[in-house]
Amino acid sequence: MGYVEEQYDLYLDDPDAVDETLRHMFDEYGAPTWVSKTTGESSTSQSTTSTADLQKLTAAMKLVDAIRRHGHLEADIFPVGKQDERYSALVDPKKYGLSESDLKQLDAKLLTAEVPSNVRNAWDFVQHLKKKYSGTISFEFNHIPDDDEREWLYNKVETGAFDVLLNNEEKKQVLKRLGDVEGFEQFLAKTFVAQKRFSIEGLDVMVPMLDRMVTNAHKDDVDHVMMGMAHRGRLNVLAHVLGKPYDLIFSEFAHAPDKTLVPSEGSTGINYGWTGDVKYHFGANREYVEDDESKTKITLAHNPSHLEFVNPVVGGYTRAVQDKRDESGYAKNDVNKAFNIQIHGDAAFIGEGVVAETLNLSQLRGYETGGSVHIIANNLVGFTTDHKDGRSTKYASDLAKGFEIPVIHVNADDPIACLTAVEFSYQYRKKFNKDVLIDLVGYRRYGHNEMDEPRGTQPQLYKDIDNHPTAYEVFAKRLVDENVLSEEESKKYKEDVKKQLREIYDNMTESERKDPSVPDLPKEVVNGLDKIETAVDEETLRKLNEDMLKRPEGFEGFKKLEKILKRRGKAFDEGEKIDWALGEALALASILKDGTPIRMSGQDSERGTFAHRHAVLNDVNTQEKYSPFHGLEGVNSSFSIYNSPLSEAGVLGFEYGYSVQSDDTLVLWEAQYGDFANAAQVIFDQFISAGRAKWGQIASMVMLLPHGYEGQGPEHSSARLERFLQLSAENNWTVANVTTSAQYFHLLRRQAAIVGTEAARPLVLMTPKSLIRNQRVAVDSEKLTSGKFLTILEQEGLGEKPDSVKRLVIGSGKIMVDIEEELEDKDPNDEIHIVRLEQIYPFPEKELQKLLKKYKNVEEIVWVQEEPKNMGSWDFVKERIQSIKKVKQKLNYVGRPYRSSPAVGSPNIHKSEQNRIINEALTLD
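So, how was this worked out
- Residues numbered from 1 in each chain as written.
- Predicted model: local features only at pLDDT ≥ 70, side-chain atom pairs only at ≥ 80, totals over all residues.
- Heavy atoms only, no water.
- Buried < 20%, exposed > 50% of the residue type's maximum accessible area, 1.4 Å probe, protein only.
- Helix = DSSP H or I, 4+ residues; strand = E, 2+ residues; numbered from the N terminus.
- Pairing = 2+ DSSP bridges.
- Axes fitted to C-alpha atoms, helices over the stretch in contact; angles between N-to-C directions.
- Contact = heavy atoms within 4.5 Å.
- Parallel < 35°, antiparallel > 145°, perpendicular 65-115°, else oblique.
- Left-handed = near helix turned anticlockwise from the far one by under 90°.
- Nonpolar A, V, L, I, M, F, W, Y, C, P; charged D, E, K, R; others polar.
- Patch = residues over 30% accessible without salt bridge, like charges linked within 9 Å, V, L, I, M, F, W, Y side chains within 5 Å.
- Areas by Shrake-Rupley, 256 points an atom, 1.4 Å probe, with all protein chains shown as cover.
- Salt bridge = Lys/Arg side-chain N within 4 Å of Asp/Glu carboxyl O.
- Lys, Arg positive; Asp, Glu negative; His and termini not counted.
- Charge placed at Lys NZ, Arg CZ, Asp CG, Glu CD.

J.: Lay out the pairing of strand E18 (residues 639–643) with the relevant residues and their values.
T.: Remember that side chains alternate between the two faces of the sheet whenever the strand is regular. Across the 5 residues of E18, 4 count as buried, placing the element largely inside the fold. As defined by bridge partners, strand E15 (residues 598–602) adjoins E18 across 5 bridges and the pair is classed as parallel. Bridge assignment links Gly602 to a residue of E18, and that residue is Asn643.

Take a look at the structure:
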């Protein structure tokens, strides 16, 4: 009994000072039954309570609250760079007029409902809290507004509910894992000297953390774990979490001009695109299996050097896996099927706006994924920039607090604390289906990459790092001190890793390398899409149109709107036409009927920016929502449409990720105005336009970009068509600017037809604004029930005497409808013919060649556009037209002159310029 009492006293001072079995017993059962918790302490029970006692109690309560709020300010979370002991007066008892004696005289039960077993009084409780909130792991929860959620968080911290307790064998396994991580990096450093690898060293524990997250997911039968991360540590994560073979990684490092390293036979290859990318941009997939047949798939997303822009893409991957799309209505979302882990840089997390955009998506119905686990790989420096120059906040993680996300700070040199952070995060996400963030504070043993010398920019920090042992050495010493293993065993672990890697490397062969060249494109990419049939019989379209006019029983829509929509019921009657909005509705409905699910989002996309779509109706009495696309008979495909937040990069990235992961779904993103896509340029440049060429990543999403000059000024005219054409090559996508509802109908259906095939590619579509209600884009129903998408359209009423045509006017989009309107009051001129280029890329060269053969006497070809000369399509089409025209045929430009701004701000000047362009196009030289 005396021995147990003695050990219990040691335990109260330091739980780690007693044997592990006794510690577990004291943790679970508290003090020995014969020992009074108040032994040796003055009793605080009195029949009357003095004012001084109440003041001390109030002060103690303030202190306890302060530790919960501000304990992180004293936390031991910096492995290097913070040599002085961290102190904050906010958690000092003296600030509240309290002494150790004062606190020892207070009963801990007055401060907490659940008194921990090692707590005898208020002083013990304060020390207990400081240990929980100011150790190598600390927490920030006070910004969480929900009382129940916040109390749950505090309770789990203070009771240690998610503290990871490892037995000796488990500790050895963690050490071995750290040895794998460190050994891999050191082998690369010595074998491939001065090559970039963005070493994980200083944040080595990230790999065991990811291991535990994946293991937890597997135990919970999660189908898919999606990951996105920057360069730091990526090769190590690929090797150890994704299982990319060491020899394959080694082969990618071999840059000898005449030799190549060949992976050993049986090494799993990874298929990339034809142009490829640098090794630390690639992702990978792996199936995790443990002891049984159930599998959890792990995906690390490909990522360009615009590092944080992968965040929404990974969110889209996750939602696509979670959604069940084989029933009518909105896709059914099951957040337990998948979750994602997003690993950020500390400077980038606070600095890049797309991070905030993505965090804002987390609780929105169209984008929620049941919570992401965020890890900041905090190496204390952004390239060469100190944090005092890189952020206006104390911590890199402070942005997350604005989105009510719990924050856990943890020292990367304490693997067990880091695993506790993982366990806490995983369980929180599982319970509340919300984002959670781990600020993993470590360091960067070398520069931003291995070519940099950081000692010139952070000399003091790197003095600390140079003198600091590695994560493996720190943990190995701890285990040696605990008698878990010997120093010899620790050294042997490291030697075994070196030996293994050396054997793998030595077994690889070198071969002569031919001059490298870009592989040929897949034939499905090279081939055109002109053979796809898209017509739908009239009976089917009539039935779809009727179904879209049905309403649930008792549903009362806005009368003015319902009156407009009912007119659509007559669209198939003789003399009636199908306008842009109905053409789109019939296209989407028929795609659903064919069995292809649809997902659509954008700012105000439910109604449509220009009040034309009305894909979601609102009951005027109950505000209940109903989509006409959910009332289609015989449809077993989901139709999900969402008004997005005011975000471009975040939402477009999310939809791109969804399209890549869900290759059975037609995904559409609509910009409120076309040039709003400017704010998502990184997603276009790095992912959508080049993702397949770089990474073999196939998407078929549609981008609807309102475009057209109506005198609305610079920001409401141009969708910056020229930028998309500049990115056009290798049939990477389709760029179109169509001018009839039938063309729109057939183009959407053609796009749906290639979903899920090797021929899939994105579609960039300039959509109209004023033309939406212009009857000149409306068509007879037979245009939908027959025919298909045409890359060029000839102006009706012209070109009837081919030999007389001397001027061929070619243009694209709204200006061609304006020209048609101008022609209405003029007699046809046999010497002029007009052609609309409906698909700009791939350029319809063969179709135009046939046209020029037909009109063989053409002397002048005029390209007409409403955009300035340095914008729009001119720079893209001029060389292509030049290559197919006859030598003597002139090629001229009609449009606005070179300008820095896309459009004028004055409606009167706009009208004058537009009239000039039209007149010049129709007047013979």
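So much for the structure itself; the text now carries on.
J.: Can you lay out the sheet that holds E18 for me, pointing to particular residues and giving the numbers?
T.: Pairing within the open sheet is mixed, and its 7 strands lie in the order E18-E15-E19-E20-E22-E21-E26. What marks the edges here is a single partner per strand, and that holds for E18 and strand E26 (839–841). For this sheet, the mean inter-axis angle between neighbouring strands, taken without regard to orientation, is 20°. Alignment of E15 against strand E19 (residues 666–670), held across 5 bridges, turns out to be parallel. Note on E19: the bridge partner recorded for Arg599 is Val667. Lying on the sheet, helix H23 (residues 580–593) is in contact with E15, E18, E19, strand E20 (702–706) and strand E22 (763–767); it crosses E15 at an angle near 140°. Packed on one face of the sheet, helix H24 (residues 649–661) meets E15, E19 and E20 and runs near 170° to E19.

J.: Quick rundown of the packing of helix H7 (residues 168–191) against helix H19 (residues 487–506)? Include the residues and the values.
T.: As a packed pair, H7 and H19 sit with axes 9 Å apart at the nearest point and diverge in direction by 45°. Here H7 is positioned oblique relative to H19, judged by the angle of their axes. For the crossing formed where H7 meets H19, the hand is right-handed. Touching Lys172, Leu175, Lys176, Gly179, Asp180, Glu182, Gly183, Phe184, Phe187 and Thr191 of H7 are Glu489, Tyr493, Lys494, Val497, Leu501, Arg502 and Tyr505, all from H19. Residues that form the contact of H7 with H19 fall into these classes: 7 nonpolar, 3 polar and 7 charged.

J.: Describe the pairing of strand E13 (residues 436–441), with residues and values.
T.: The element E13 is largely enclosed, with a buried count of 6 among its 6 residues. Judged by which residues are buried, E13 turns out to be covered on both faces: Val436, Ile438 and Leu440 on one side and Leu437, Asp439 and Val441 on the other are all buried. Strand direction decides the pairing type here: strand E9 (residues 372–378) and E13, joined by 6 bridges, are parallel. Of the residues in E13, the one forming a bridge with His374 is Leu437. For strand E12 (residues 407–411) and E13, the ladder comprises 5 bridges, and the chain directions are parallel.

J.: I'd love a proper account of a negative patch on the surface, names of residues and values included.
T.: Together, Glu5, Glu6, Asp9, Asp13, Asp14 and Asp16 make up a region of like negative charge exposed at the surface. Within the element layout of this structure, Glu5 appears in helix H1 (residues 2–13). Overall, Glu5 belongs to the partly exposed group, its relative accessible area being 33%.

J.: Can you explain the pattern of salt bridges? Please cite residues and give values.
T.: Overall, the coordinates contain 62 salt bridges when judged by the stated rule. The partner of Glu140 in a salt bridge is Lys401, and the shortest N-O contact between them spans 2.8 Å. Of the two residues, Glu140 is situated in strand E1 (residues 137–140) and Lys401 in helix H15 (residues 398–401); the sequence distance between them amounts to 261 residues. When its relative accessible area of 26% is taken as the criterion, Lys401 is described as partly exposed. Measuring nitrogen to oxygen at the nearest pair gives 3.1 Å for the salt bridge that ties Asp547 to Lys550. Here Lys550 falls in the partly exposed class, since its relative accessible area comes to 38%. One continuous salt-bridge network, built from bridges that share partners, spans Lys171, Asp414, Arg478 and Glu482.

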